[in-house]
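Take a look at the letters that make up each chain.
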Amino acid sequence: MKKTSKWISTFIAVAMLGLMATGCSGKQDSNVIKLGANLEMTGGNATFGKSASNGANLAIKQVNANGGVLGKQLSLVVADNKSEAAEAANAMQKLITQDKVVAVIAPIASSSVIAGAQVNNDNKVLAISPTASNPKVTVDPTTNKVRDYLFRAAFIDPFQGSVMANFATKTLKAKTAAIYIDNSSDYAKGLGQFFKETFIKNGGTIAVEEAYLAKDTDFKATLTKIKAANVDVVFVPGYYQEVGMIAKQAREIGLTMPLLGGDGWDSAKLPEIAGAQALNNTFFANHYSPDDNSPAIKTFVDAYKAEYKETPDAFAALAYDATMMVIESIKRANGVDTVKIKDELAKTKDYNAVSGLITLNETHDAVKSAVIIEMKDGKQTFKEKINP
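Residues numbered from 1 in each chain as written. Predicted model: local features only at pLDDT ≥ 70, side-chain atom pairs only at ≥ 80, totals over all residues. Heavy atoms only, no water.

Asker: Which parts of the structure should I look at to understand helix α7 (residues 186–201)?
Answerer: The periodicity of an α-helix, 3.6 residues per turn, causes residues three or four positions apart to be oriented the same way. Here α7 spans 23 Å end to end across 16 residues, near enough to the 22 Å set by a 1.5 Å rise per residue. Every buried residue of α7 is accounted for by Asp186, Tyr187, Ala188, Gly190, Leu191, Gly192, Phe194, Phe195, Thr198 and Phe199. In this structure, the buried residues of α7 make contact with α4 (110–115), α6 (157–171), β8 (176–182), β9 (205–212), β10 (233–235) and β11 (259–261). Between the side-chain oxygen at the start of α7 and the backbone nitrogen of Tyr187 there is a gap of 3.2 Å, and the oxygen is on Ser185. Positive backbone phi, at 100°, marks Gly203, one or two positions downstream of α7. (Helix = DSSP H or I, 4+ residues; strand = E, 2+ residues; numbered from the N terminus. Expected span 1.5 Å × (residues − 1). Buried < 20%, exposed > 50% of the residue type's maximum accessible area, 1.4 Å probe, protein only. Contact = heavy atoms within 4.5 Å. Polar contact = N/O pair within 3.5 Å; in protein donor to acceptor, adjacent residues only side chain to side chain.)

Asker: Whenever I open this one, the packing of helix α12 (residues 314–333) against helix α13 (residues 338–346) confuses me. Can you help?
Answerer: Two measures define how a pair of helices packs: the angle their axes make with one another and the distance between the axes. Following both chains from N to C, one finds α12 and α13 inclined at 115°, their axes separated by 8 Å at the closest point. The element α12 and its partner α13 pack so that their crossing is right-handed. On α13, the residues touching Met325, Val326, Ser329, Ile330, Arg332 and Ala333 of α12 are Lys340, Ile341, Glu344 and Leu345. Considered class by class, the residues forming the contact of α12 with α13 number 6 nonpolar, 1 polar and 3 charged. (Axes fitted to C-alpha atoms, helices over the stretch in contact; angles between N-to-C directions. Left-handed = near helix turned anticlockwise from the far one by under 90°. Nonpolar A, V, L, I, M, F, W, Y, C, P; charged D, E, K, R; others polar.)

Asker: Quick question: what am I supposed to make of helix α2 (residues 46–65) here?
Answerer: Spanning 20 residues, α2 covers 28 Å between terminal C-alpha atoms, matching the ideal 28 Å at 1.5 Å per step. Positive backbone phi, approximately 100°, marks Gly67, located one or two places after α2.

Asker: What am I meant to see in the domain arrangement of the protein chain here?
Answerer: A common way to express how large an interface is: the accessible area buried when the components associate. Domain parsing of the protein chain yields domain 1 (32–155 + 293–368) and domain 2 (157–286). The centre of domain 1, based on its C-alpha atoms, is set 28 Å off from the matching centre of domain 2. Between domain 1 and domain 2, the contact holds 19 residues from the first and 17 residues from the second. With both sides pooled, the region where domain 1 packs onto domain 2 buries about 1500 Å², and carbon together with sulfur makes up 52% of that total. In this assembly, domain 1 and domain 2 are joined by 1 salt bridge. The partner of Lys136 in a salt bridge is Asp186, and the shortest N-O contact between them spans 3.9 Å. Our count for the domain 1 to domain 2 interface comes out at 8 residue pairs in polar contact (both at pLDDT 80 or more). Elements that contribute at least two residues to the side of domain 1 that touches domain 2 include exactly α2, α4 and α12. (Domains from an automatic or database assignment. Buried area = accessible area lost by both parts, 1.4 Å probe. Salt bridge = Lys/Arg side-chain N within 4 Å of Asp/Glu carboxyl O.)

Asker: How should the nonpolar core be read in this particular structure?
Answerer: Looking at soluble globular proteins, one finds that nonpolar side chains tend to be buried together. Of all hydrophobic cores here, the largest spans 105 residues; its most connected members are Leu35, Ile128, Met164, Phe195, Val234 and Phe300. No other element matches α12, which puts 14 residues into this core. Those residues within four positions of Ile128 in sequence are excluded, and the remaining contacts are Val104, Ile105, Ala106, Phe151, Arg152, Ala153, Ala322, Met325, Val326 and Leu345. Grouped together as the second largest cluster of nonpolar side chains are 17 residues, Leu95, Ala117, Val119 and Ala132 included. (Core = buried A, V, L, I, M, F, W, Y, C linked by side-chain atoms within 4.5 Å.)

Asker: Would you mind going over the UniProt feature "domain: Leucine-binding protein" (unreviewed entry) in the protein chain with me for this structure?
Answerer: The residues that UniProt annotates with the feature "domain: Leucine-binding protein" (unreviewed entry) are residues 33–378. Regarding residues 33–378, the helix share stands at 43% and the strand share at 20%, and the terminal C-alpha atoms are separated by 41 Å. (UniProt positions renumbered as here; feature names shortened; annotations may be inferred.)

Asker: It is not clear to me how the sheet that holds β8 should be interpreted in this structure. Could you clarify?
Answerer: Strand pairing in a sheet is mediated by backbone hydrogen bonds. Such pairs are either parallel or antiparallel. Taking strand neighbours across the sheet as the criterion, the 7 strands line up as β9-β8-β10-β11-β12-β16-β17 in an open arrangement whose pairing is mixed. Both edges of this open sheet fall to β9 and β17 (379–386), since each of them pairs with a single strand only. With strand direction ignored, the average angle separating the axes of adjacent strands in the sheet is 25°. Here 3 bridges tie β11 to strand β12 (residues 282–286), and the two strands are oriented parallel to one another. Directly across from Gly261, in β12, lies its bridge partner Phe284. α7 contacts β8, β9, β10 and β11 of the sheet and is inclined by roughly 165° relative to β8. (Pairing = 2+ DSSP bridges.)

Asker: Can you walk me through the pattern of salt bridges in this structure?
Answerer: For the structure on display, the rule yields 17 salt bridges. One salt bridge in this structure joins Asp365 and Arg152, with 2.7 Å as the shortest N-O distance. Linking Asp365 in the loop between β14 (356–360) and β15 (366–367) with Arg152 in strand β7 (residues 150–152), this pair joins segments that are 213 residues apart in sequence. For Arg152, a relative accessible area of 0% translates into the label buried. Note that Lys196 and Glu209 form a salt bridge whose closest N and O atoms lie 2.9 Å from each other. Within this pair, whereas Lys196 is found in helix α7, its partner Glu209 is found in strand β9, the two being separated by 13 residues in sequence. For Lys196, a relative accessible area of 30% corresponds to the partly exposed category. By relative accessible area, which is 46% here, Glu209 ends up partly exposed. Because the salt bridges share partners, they merge into one network encompassing Lys220, Lys248 and Glu252.

In C-alpha cells:
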C-alpha cells in the first residue's frame, strides 16, 4: 500500500508539473493582446451588436496588418449578452476572469453597461461603450461619483435630447409635442426627460406623455390618444424594433406629423419593420452619417464596405472608434497593465475619430458633434450637423 501510494503521489506530482507547464505556456503567449467585446449578438438589439462587432474587428484587422501594437497582434473575444442586462453582467465576468482580456468594448444599451459596472471596477479592467448614452453609465447616481473603469465613445442623453428638442423647435418650428417612451429602458427614459426639459425651455408645450414596454407589438390605442392631442411632433426615443412598429401603426391611423427619435433608431431593419413610406417625415439624432464628406468617414466607409459588403451604421463606426481609442491607450501605457491603460484612456483629447473629434471629459463622456438623419423613402439622408 505504501509503495502504491508513493507511486500515485509521484504520478500526480508529475501530472501537475505537466499541467503547470501547459498553463504557463498558454500565459506566456506574449505575441497576442486580447480585447473583449460584450455585445448584443442575439435578442432584440442584435443588429446593433453585429454592427459593433464588425467595427471592432475591422479596427483590429487594420492594426494587425500594420504590425499590431507594441510588437504584438491583437485578438477580439466576443461574448453575447443576448440583449439582456443580466446576461451582460455574466458576459463581462467571463471576459475578464476567464478570457483574461485587458479591456472590453462594452454593451450598446445603457442598462446592460450599468449591469456590469461592478465587475469592471472590482477587477480593474476598463470597459468603453460605443453608444450607451445614459448619464448613469459613467456616473453612479447613488454616490454621484465617476465610475473609474467605465467610459463611452458617444455623446450623452442630455446632449442628444437637447439636440432633438432644438431641432423640433428651431428647424421644424414645433410648438407642441408628445413624448412616447419605452418605460423599460433607461436610455429612452433619459432621452425623454432631456427632450422635455429643452423643449419647454424653448417655449414649447408637452401636450401628452405615454409609455410602452420593450417587446410590445400593439401601439394603436396609445397612438390614438396621441392623435387626439393634435401635436406638432411626436418624440419616440426607443429602439428600432418597437419604433418600426410604432411608425407603421401611427401612419395607419392617420398620424402625419414628424416623428423624432435618437440613435436607437439606427438599424437597417427599421425600414423593413415600418415600411419605407411610413418613415417619411421622420428624423433622429445620430453620431455620424456615412454621407458626411469628411475624409475620415469616406476612408472608413470604403474599408467597411470592402470587408462586409454593406454600408456601416453608427454602431459600427463608434465601435471602430472605441476600439481604436483603447489601442491608442495601450500604446501610451506601453504595456497591458489594466490600470495604466485606464489612466491613458481617460486622457483622450481631440482624438481624430471616424465620428469626429473626441475628447473624454472628467466624467469619461465623449464631447463631440451630433448629426440629424432624415429618412426618405426608407433611406437615411444627412440633414445637418450639430456641434457641442
